[in-house]
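Given next are the chains, with one letter for each unit.
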Amino acid sequence: MIKFLDLQKINGQYAEELKKAAAEVIDSGWYLLGEQVKQFESSLEVFQEGGNAVAVANGLDALRLIFKAYIELGLMKQGDEVIVPANTYIASVLAITDNGLIPVLVEPDLSSYNLDLNLIENKITAKTKAIMVVHLYGRVCWGSELVALAEKHNLKIIEDNAQAIGARFNGVRTGNLGDAAGFSFYPGKNLGALGDAGAVVTKDVELAETVRTLANYGSSQKYVNRYQGLNSRMDEIQAAFLNVKLRYLEAETQGRRAIAAYYIANIKNSKIILPSLDEVDGHVWHVFVIRCNKRDELQAYLQEHGIQTLIHYPIPLYKQECYSYMSAISLAITEQIHAQVLSLPISAVIDTDEILKVVAVLNAFNG
Ligand SMILES: *Cc1c(COP(=O)(O)O)cnc(C)c1O
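Predicted model, so just to flag it, every value in this text is computed and none were measured. (Residues numbered from 1 in each chain as written. Predicted model: local features only at pLDDT ≥ 70, side-chain atom pairs only at ≥ 80, totals over all residues. Heavy atoms only, no water.)

Right, let's get into the environment of L246. With respect to the helices and strands, the residue L246 is situated in the loop between α8 (236-245) and α9 (249-266). A relative accessible area of 9% places L246 in the buried class. Sequence separation between L246 and L191 is 55 residues, and the spatial gap between their C-alpha atoms is 6.7 Å. (Helix = DSSP H or I, 4+ residues; strand = E, 2+ residues; numbered from the N terminus. Buried < 20%, exposed > 50% of the residue type's maximum accessible area, 1.4 Å probe, protein only.)

Time to look at the pattern of salt bridges. Evaluated as defined, the whole model comprises twelve salt bridges. In this structure, R64 engages D98 in a salt bridge whose closest nitrogen and oxygen atoms are separated by 2.8 Å. Separated by 34 residues along the polypeptide, R64 in helix α4 (residues 59-72) and D98 in the loop between α5 (90-97) and β3 (102-106) bring together distant segments of the chain. For R64, a relative accessible area of 21% corresponds to the partly exposed category. (Salt bridge = Lys/Arg side-chain N within 4 Å of Asp/Glu carboxyl O.)

A separate point is the site of the ligand. Lining the immediate environment of the ligand, one finds N58, G59, L60, Y89, A91, V134, D160, A162, Q163, S184, Y186 and K189. One of the backbone N or O atoms of L60 is found 2.8 Å from an oxygen atom in the ligand. For the ligand, an oxygen atom lies 2.8 Å from a polar atom in the side chain of Q163. Relative to its unbound accessible area of 380 Å², the ligand is 91% covered by the protein chains. Of the residues contributing to the shell around the ligand, the split by class is six nonpolar, four polar and two charged. (Near = heavy atom within 4 Å. Polar contact = N/O pair within 3.5 Å; in protein donor to acceptor, adjacent residues only side chain to side chain. Areas by Shrake-Rupley, 256 points an atom, 1.4 Å probe, with all protein chains shown as cover. Nonpolar A, V, L, I, M, F, W, Y, C, P; charged D, E, K, R; others polar.)

What follows concerns the pairing of strand β5 (residues 156-160). Burial analysis of β5 places four of its five residues in the buried class, the great majority of the element. Strand direction decides the pairing type here: strand β4 (residues 128-134) and β5, joined by five bridges, are parallel. Of the residues in β5, the one forming a bridge with V133 is E159. Sheet topology note: the β5/strand β8 (residues 180-184) ladder contains three bridges and is parallel. Looking at β8, one finds that E159 is bridged to A181. (Pairing = 2+ DSSP bridges.)

Domains assigned within the chain are domain 1 (7-106 + 114-243) and domain 2 (247-364). Contacts between the two partners involve 35 residues from domain 1 and, on the opposite side, 35 residues from domain 2. In total, about 3100 Å² of surface goes out of reach between domain 1 and domain 2, with carbon and sulfur atoms giving 57% of it. The largest share of the area that domain 1 buries against domain 2 comes from Y137, R139 and N190, three residues that together contribute 25% of it. The tally of links from domain 1 across to domain 2 stands at two salt bridges. Across the pair R247 and E17 runs a salt bridge, and its minimum N-O distance is 2.6 Å. The tally of links from domain 1 across to domain 2 stands at 20 residue pairs in polar contact (both at pLDDT 80 or more). At the level of elements, α1 (7-12), α5, β3 and β6 (168-169) are the ones that each hand at least two residues to the side of domain 1 that touches domain 2. Among the residues forming the side of domain 1 that touches domain 2, the class breakdown is 19 nonpolar, ten polar and six charged. (Domains from an automatic or database assignment. Contact = heavy atoms within 4.5 Å. Buried area = accessible area lost by both parts, 1.4 Å probe.)

So this is what it looks like as structure tokens:
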């Protein structure tokens, strides 16, 4: 079976270094708010080529904390609106609703799967305070028209960079394009910890410090609590693992790009729609998403031929039980994407034989 993502093999590449890093943390007797986290934050700032990094417990918290900090700083309040793509992982929207803010869902562009920047302005009201862009599947969602719109309406741009660490737009890293960004280091992400971890990156020093305080019970001085905060800190042991893995991220991204280029050049089947190539340089291919009218049939066929695939994502967030109050929403492009997408195996540890097999099996599909 060709696994969709073989985490054992991925982390196996670095097993010795990871074990050494874990042993250092165990032996140090210091497990939170220590040197590993400090080092990871500064390495992430170097990788990002700017910004202030705050390590937190996971990617959802990173996004939640950004909004919570804006609320504490008086820049947003409950009932304000945030524009967000309808085609995203639900965590993007959970971060908004968790803070009592209202998500305003916008359709994606069918060729990029990302927020359609042309549809934003119509959705802006007197209550709109921010636009959240999601660099979905590892592809950059950005444009000068977005920046102009945010300036014109005095909106913050928040990036959900959970899937796109390492991508660039005109040379600038995603996560440094907007006002603040949330990163996820969930094990399956391009930079994966061996457990949960996340980060906020922002150029805004005051916002960074507010996030840091909020993530530590709302306290920056022990037993003095300025805000009603959370406990959302990155473990030292996860930071130690990330300090190892960050060094290999660029090489892994190049590996993903080579596989994506191979798939695009060699998958030739009129029943399958490949990702479009625009701005492909900035893409980090967190997942390689194809589309097919007979998606479920294609997935079963690939499974029969020993190829595991996943669907990102099967159910639109506004059709989920937890958002039953949104159930009247109907968005044709988002729903088409949810019905047709399929993600192929792509990672640094897939070997050439496996890639050749995926291509050959796909090219033979005539469902
Ligand atoms: C993974 C992910 C998140 C949440 O990150 P966690 O670390 O799993 O909490 C948020 N947004 C998107 C788009 C994601 O893919």
